[in-house]
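# Examining the three-dimensional arrangement
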Amino acid sequence: MATTYDFDTPIDRRGTACVQWDGVADRFGADGLLPFTISDMDFPSAPPVLDALRERLAHGVFGYTDWRLSEFREAIRDWYEIRHGTVIDPERIVYGPSVLNQLSQLLRMWTRPGDGVVVHTPTYDGFRKAVTGLGRELRGVPLGDAVALERELGRPDTKVLVLCSPHNPTGLVWTESELVETARLAAAHGVAVISDEIHADFVHDGHRHLPWTRFAGGDGRWALISSASKAFNFPALNGSYGVIGDPGERAAFTSRMEGGEGLASPSVLSLTAHVAAYRQGGPWLDAARDYVAGNLSLLAERLSDAFPVLRWTPPQAGYLAWIDLRALGVSDEILQRELIEREGVAMMRGAVYGADGFLRINVGCPRSKVESGADALVRALTRLT
């Protein structure tokens with residue numbers, strides 16, 4: 001008998017130091033807004049994850065931890081084989097406190113100040129902050145522009161391509177031919193690839209995620225960085241993993257983490273959550289993804305009914321709706337004012353990701369919240385058009 005999960009009952013996250021709910025005024029200048037912003041979900045994590053955490057907490061001792069001594073690597077290996085049809089050597093797996101921290105460490109290893117780092121645009125704002133914060137030059141390439149990609153990878157001082165797979169904020173799932181061509185260009189120009197695959201487990205029906213390890217070419221300079229925290233909704237537990245091809249680069253990364261960064265002992269609760277998610281959380285994840293797909297369909301229906309000219313369709317992956325509003329000719333600033341001051345909702349402007357005229361809406365939440373957000377957006381746009 002199939003297990004049913006409750007995604008409809010709202011959970012009050014206020015008063016929990018929650019960035020999406022308690023921190024909304026920091027970005028939008030007003031308290032009490034209904035937020036559809038930062039990419040975490042309003043659902044409790046999978047029951048097996050919660051059960052494993054309770055059991056570990058009941059043990060009561062939280063001493064220094066070594067991620068190599070747990071089932072962590074084996075759980076990752078088995079998950080990739082079962083869910084993605086990909087074999088990963090557990091000896092190639094490394095640990096990091098977060099995906100962005102891993103990205104920063106790899107950029108320090110593989111680039112110098114002033115070097116070029118290529119990303120696809122629109123771009124997740126965390127990439128921009130990491131690259132420019134380290135004094136590297138961010139070089140944007142529009143999605144689908146193969147000529148621009150080859151041009152930027154071919155510049156002598158371009159050292160790294162940061163691949164977001166699936167892509168944030170658009171939800172694009174890269175095809176095999178696209179990944180093969182990306183690997184060919186990177187190898188031809190001697191550019192390292194760092195593939196952020198944190199959204200990989202939220203790919204919707206009709207599409208398939210292909211891990212970068214399939215295209216990386218053995219022991220070259222490349223890394224896949226990811227975490228179960230996005231799909232299973234436990235980012236506050238602070239934990240991630242990477243797969244690094246070259247043994248020397250892998251050893252250098254671990255040495256940097258455990259020596260220079262002082263991160264030898266990871267969060268035991270993160271290890272516990274990862275193992276439980278990858279060992280027992282599959283049914284919950286499938287149900288959560290199906291529920292979110294229903295939320296995206298609801299949003300698509302509301303937008304299609306009100307504004308057929310938008311022709312908006314749900315993303316191929318994730319719970320982030322990336323909506324192109326340019327056909328309506330609405331000012332970003334005026335729309336934001338309408339949403340905040342008259343509708344009391346917070347939605348992310350496309351400009352955050354380098355794309356004016358777009359809106360990013362998080363629908364990883366109960367359907368009643370999505371209905372409220374969709375209605376608010378339609379009302380605001382109707383007034384402005």
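Here, every reference points to the structure presented above.
A few points on the structure. (Residues numbered from 1 in each chain as written. Predicted model: local features only at pLDDT ≥ 70, side-chain atom pairs only at ≥ 80, totals over all residues. Heavy atoms only, no water.)

### What about empty space enclosed by the protein?
In total, this model carries 4 cavities of 30 Å³ or more according to the counting rule given. Taken together, Leu325, Val330, Asp332, Leu335, Gln336, Arg349, Gly350, Gly357, Phe358 and Leu359 make up the lining of the largest cavity. Listing elements by their share of the lining of the largest cavity, those giving two or more residues are α12 (332-343) and β11 (358-362). The greatest single-element share of the lining of the largest cavity, amounting to 3 residues, is contributed by α12. When the residues that make up the lining of the largest cavity are grouped by side-chain class, the tally is 5 nonpolar, 3 polar and 2 charged. (1 Å grid on protein atoms, 1.4 Å probe; cavity = no way out; pocket = protein on both sides within 12 Å on 5 of 7 lines; lining within 4 Å. Points joined across faces, edges and corners; volume = space filled by probe spheres on them. Helix = DSSP H or I, 4+ residues; strand = E, 2+ residues; numbered from the N terminus. Nonpolar A, V, L, I, M, F, W, Y, C, P; charged D, E, K, R; others polar.)

### Notes on the pairing of strand β9 (residues 320-324)
Counting buried residues along β9, 4 of its 5 residues qualify, which places the element largely inside the surrounding structure. Examined bridge by bridge, β9 and β11 share 5 bridges and lie antiparallel to one another. Note on β11: the bridge partner recorded for aspartate 324 is phenylalanine 358. (Buried < 20%, exposed > 50% of the residue type's maximum accessible area, 1.4 Å probe, protein only. Pairing = 2+ DSSP bridges.)

### Some thoughts on the environment of threonine 4
The topology assignment puts threonine 4 in the segment before α1 (24-28). When its relative accessible area of 71% is taken as the criterion, threonine 4 is described as exposed. Separated by 280 residues in the primary sequence, threonine 4 and tryptophan 284 place their C-alpha atoms 8.5 Å from one another.

### Here we look at the sheet that holds strand β3 (residues 116-121)
Reading across the sheet, the 7 strands line up as β2-β8-β7-β6-β5-β3-β4 and stay open at both edges, with mixed pairing between neighbours. Because the sheet does not close on itself, it has two edges, and the strands there are β2 (93-96) and β4 (137-142). Taken pair by pair, the neighbouring strands of this sheet meet at an average axis angle of 25°, ignoring direction. (Axes fitted to C-alpha atoms, helices over the stretch in contact; angles between N-to-C directions.)

### Structural notes on the pairing of strand β5 (residues 158-164)
Burial within β5 is extensive, with 6 of its 7 residues counted as buried. Pairing of β3 with β5 involves 3 bridges; the strand directions are parallel. Along β5, the bridge assignment pairs valine 118 with leucine 161. Once the chain exits β5 it traverses helix α7 (residues 176-188) before rejoining the sheet at strand β6 (residues 192-196), and the crossover so formed is right-handed. (Right-handed = clockwise from strand over helix to strand, strands pointing away.)

### Concerning the sheet that holds β9
Strand order across the open sheet formed by 4 strands is β1-β10-β11-β9, with mixed pairing between neighbours. Here the strands that pair on one side only, and so sit at the sheet edges, are β1 (34-36) and β9. Here the average twist between neighbouring strands, direction ignored, is 30°. Two elements, β1 and strand β10 (residues 345-349), share 3 bridges in a ladder whose sense is parallel.

### Thoughts on the packing of aromatic side chains
What the rule picks out here adds up to 20 aromatic pairs. Their ring planes at 45° and their centres at 6.3 Å tell us that tyrosine 5 and phenylalanine 7 sit as a pair that is tilted. Residue tyrosine 5 is classed as partly exposed on the basis of its relative accessible area, which comes to 25%. With 6.1 Å between their ring centres and 40° between their planes, tryptophan 212 and phenylalanine 215 make a pair best called tilted. A residue is classified by how much of its surface remains accessible, and tryptophan 212, at 2% relative accessible area, is buried. (Phe/Tyr/Trp six-rings, centres within 6.5 Å; stacked < 30°, edge-to-face > 60°.)

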